[in-house]
Amino acid sequence: MAPGEKGSAATASGFPTAADPAVEVAGLVKQFGDRRALDGASFSLPAGAFLSIFGPNGAGKTTLLRILATLSRPTRGGVRLLGIDALEEPERLRSRIGLISHKSMLYGDLTAAENLAFFSSLYGGSPDRERINELLRIVELDHRRNDAVRTFSRGMQQRLSIARALVNDPDLVLLDEPYSGLDPHAVELFDELIGRVRSGRTFIMVSHDLDKGFAMCTHALVLARGQVVVMAEKDRIDRAAFRDLYLATVGMGVA
Amino acid sequence: MARKVSGLAQYRALLAKDVRQELRTREMLVSMGVYALLVLTVYGAALAQVGDRLQVVSFAGGLLWALIVFTSLLGLNRSFAHETESGCLEGILLAPIDRAVIFLAKATSNLLFLLMVEIVVVPLFFLFFLSGAQLAETTPLIVLPLLIGTVGVAGVGTLLSTMTIDTRGKDVLLAILFIPVVFPLLYACVSATSVAFMGVEGTLGTFWTSCTVAGCYDIIMVAAAWGLYEFVVSA
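Worth saying up front: this structure is predicted, and the values here are computed from it rather than measured.

### Observations regarding unusual backbone geometry
Then, in step 1: A positive phi angle, near 55°, is found at Leu-82 of chain A, a position not held by glycine.
Then, in step 2: The residue Arg-26 of chain B is not glycine, and still its phi comes out positive at about 55°.
Then, in step 3: If you trace the backbone, Arg-26 of chain B turns up in the loop between helix H1 (7-25) and helix H2 (27-46).
Then, in step 4: According to the relative accessible area criterion, Arg-26 of chain B is partly exposed, its value standing at 48%.

As structure tokens, this is what we get:
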């Protein structure tokens, strides 16, 4: 698919189609006073895919991600995630979603293990020591399990936030600018960790970094002024044309 | 994965987290405690010229509640500091948790911390200002309005501090919202506390009426806060 081509066509139900869709978004509108952050965004994503969302500041990327994370409700439109209507049954869905943001969402005065135990207990699991140890091993922080998070570097906090996002073993993982503030080594480690936990999960990442986002994804989407400008599988994208399109949307500015 | 999630287990986890964090940092307790001591010092300077201790008894209820309300404001302003620092509140909201459980846990932890400060401050208040006064036999009854009042302050304060989390000038805004909203509670508690301090014969009915008004206020406001919390925390 060439840049400029629109994403998946909407069906009669309003939801775009994708084989075995994990994410279906239809005509999403989010209004903040006079400003429309999302203006009819529609797309669908198959299970197991990795979608990178690009767009200029104010394009509506974070708003979209917050709606997908059930942290915000759209003004209009529909969202179906993992076969569940996100607006009708957000609580049922929450146990199957993880979010990694540029904010760590970790308590600085609690230890790494205490943070994971706390978030684990919110998902109905009695804090399972083995599971917490396993998560800490995955993110290579088991040697710091009893240290307060505020003593961690930014990169270590971001690794721990991956573990936090996985405490509920989510099927859908959302990443909101996860590379913000990370040095190149921490970025490398972060990518490696994401690679390790990719299997069997669907990922959606919001990023400003075209190269990084492209390297990670199976699908790419450009959002501008709250609308999907293009969405396609990576293999079907002309990379140079996509870059030009992205740069053109950055020039479009905010809605 | 869709495990059955118990609201009680989530409540306990949230409360335990708040208590553990506060015991580790002592941010709220120390700031409220130090502030209360400073207010007592100011009271001391202001009342230094009052010769007759009985005069202090007549307005001790008001002094005590002014101390409690302003000290509570300081603590309530800090109560969501940890939740917002690194986006932790969003981490909690991502979980399949009834928003009312978050309110209940935070209100309970605020109540615990306010009571802990009161346990230290109220005896000091007696020591500094009422040690030489002739207190009525009904004075121990002040425990009741203190308890009822603190429940209301913690409940309403938790709701309002959630509303002001992301606002500019939240310290001032919380006070602007909080004091008018708790005014009926404050009025009833000052009345009950003053009656208990003075112990004038035939006024005990006023004490019980004031406590009932304060209790009804607590029930209505805490129930309203419980119901509104989903809307407030998601806004």
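Continuing now.
### Looking at the packing of helix H3 (residues 112-122) of chain A against helix H4 (residues 129-138) of chain A
Residues and elements named next belong to chain A.
Then, in step 1: Relative orientation of the contacting elements H3 and H4 amounts to 120°, with a least axis distance of 10 Å. Considering their axes alone, H3 and H4 lie oblique with respect to each other. The chirality of how H3 crosses H4 is right-handed. Here Ala-112, Ala-113, Leu-116 and Ala-117 of H3 come into contact with H4, specifically with Ile-132, Leu-135 and Leu-136.
Then, in step 2: Per-class residue counts for the contact of H3 with H4 are 7 nonpolar, no polar and no charged.

### Some thoughts on the confidence of the model for chain A
Detailed reading of predicted coordinates is not advised where the pLDDT is low.
All names here are of chain A.
Then, in step 1: Per-residue confidence for chain A gives a mean pLDDT of 86; residues scoring 70 or more make up 89%.
Then, in step 2: Highest mean pLDDT in chain A belongs to strand E8 (residues 202-206) (95); lowest belongs to helix H8 (residues 239-252) (80).
Then, in step 3: This stretch, residues 1-13, has a pLDDT under 50; its non-local contacts, to residues over four places away or in other chains, come to 34 contacts.

### Comments concerning the pattern of salt bridges
Then, in step 1: This model, assessed by the stated rule, comprises 21 salt bridges over all chains.
Then, in step 2: Here Glu-114 of chain A ties to Arg-24 of chain B by a salt bridge, and the two come within 2.6 Å at their closest N and O atoms. In this pair, Glu-114 of chain A is assigned in helix H3 and Arg-24 of chain B in helix H1, connecting two distinct chains.
Then, in step 3: Notably, a salt bridge pairs Lys-106 of chain B with Glu-83 of chain B, separated by 3.0 Å at the nearest N-O pair.

### Here's the deal with the side chain of Asp-176 of chain A
Residue and element names in this part refer to chain A.
Then, in step 1: Along the chain, Asp-176 turns up in strand E7 (residues 172-176).
Then, in step 2: One buried charged residue, Asp-176, remains without a salt bridge, the closest side chain of opposite sign being Arg-66 at 7.2 Å.
Then, in step 3: Not counting residues within four places of it along the chain, the set of residues in contact with Asp-176 comprises Thr-62, Leu-65, Ile-100, Ser-101, His-102 and Val-206.

### Details of a nonpolar patch on the surface
Then, in step 1: A grouping of Val-30, Val-34 and Leu-38 of chain B is seen on the molecular surface, where their side chains present a nonpolar patch of about 260 Å² in accessible area.
Then, in step 2: As for its position among the elements, Val-34 of chain B is in helix H2.

### Remarks on the interface of chain A and chain B
Interface size, as often reported, equals the accessible area lost upon joining of the parts.
Then, in step 1: Opposite the 28 residues of chain A that make contact, chain B presents 29 residues.
Then, in step 2: A salt bridge links Arg-66 of chain A to Glu-90 of chain B; the nearest nitrogen and oxygen atoms lie 2.4 Å apart.
Then, in step 3: On inspection of chain A and its partner chain B, the count reaches 7 residue pairs in polar contact (both at pLDDT 80 or more).
Then, in step 4: Top element by residues in the side of chain A that touches chain B is H3 of chain A. It accounts for 5 residues.
Then, in step 5: The residue inventory of the side of chain A that touches chain B, partitioned by class, reads 12 nonpolar, 7 polar and 9 charged.

### Looking at the nonpolar core
Then, in step 1: Core analysis: the largest hydrophobic core is formed by 111 residues, its most contacted members being Val-23, Leu-68, Leu-160 and Ile-204 of chain A.
Then, in step 2: Here this core takes 7 residues from H3 of chain A, the largest share from any one element.
Then, in step 3: Ignoring sequence-local partners within four residues, the contact set of Leu-160 of chain A consists of Leu-106, Ala-112, Leu-116, Leu-136, Leu-141, Val-149 and Phe-152 of chain A.
Then, in step 4: Counting 51 residues, the second-largest nonpolar core is a separate cluster that includes Val-57, Trp-65, Ala-133 and Phe-178 of chain B.

### Quick notes on the sheet that holds strand E5 (residues 84-85) of chain A
All names here are of chain A.
Then, in step 1: Spatial strand order, E2-E1-E4-E5: 4 strands in an open sheet with antiparallel pairing. Strand pairing shows two members of the sheet lacking a second neighbour, strand E2 (35-46) and E5, which therefore form its edges.
Then, in step 2: Of the strand pairs in this sheet, strand E4 (residues 76-81) and E5 are connected by 2 bridges, and their pairing is antiparallel. The residue bridging Leu-81 from the neighbouring strand is Ile-84, located in E5.
Then, in step 3: Taken strand by strand, helix H1 (residues 61-68) contacts strand E1 (21-32), E2 and E4, and its axis lies near 120° from that of E1.

The rules behind the values
- Residues numbered from 1 in each chain as written.
- Chains lettered and ligands numbered in written order.
- Predicted model: local features only at pLDDT ≥ 70, side-chain atom pairs only at ≥ 80, totals over all residues.
- Heavy atoms only, no water.
- Helix = DSSP H or I, 4+ residues; strand = E, 2+ residues; numbered from the N terminus.
- Buried < 20%, exposed > 50% of the residue type's maximum accessible area, 1.4 Å probe, protein only.
- Axes fitted to C-alpha atoms, helices over the stretch in contact; angles between N-to-C directions.
- Parallel < 35°, antiparallel > 145°, perpendicular 65-115°, else oblique.
- Left-handed = near helix turned anticlockwise from the far one by under 90°.
- Contact = heavy atoms within 4.5 Å.
- Nonpolar A, V, L, I, M, F, W, Y, C, P; charged D, E, K, R; others polar.
- pLDDT = per-residue confidence, 0-100.
- Salt bridge = Lys/Arg side-chain N within 4 Å of Asp/Glu carboxyl O.
- Lys, Arg positive; Asp, Glu negative; His and termini not counted.
- Patch = residues over 30% accessible without salt bridge, like charges linked within 9 Å, V, L, I, M, F, W, Y side chains within 5 Å.
- Areas by Shrake-Rupley, 256 points an atom, 1.4 Å probe, with all protein chains shown as cover.
- Polar contact = N/O pair within 3.5 Å; in protein donor to acceptor, adjacent residues only side chain to side chain.
- Core = buried A, V, L, I, M, F, W, Y, C linked by side-chain atoms within 4.5 Å.
- Pairing = 2+ DSSP bridges.

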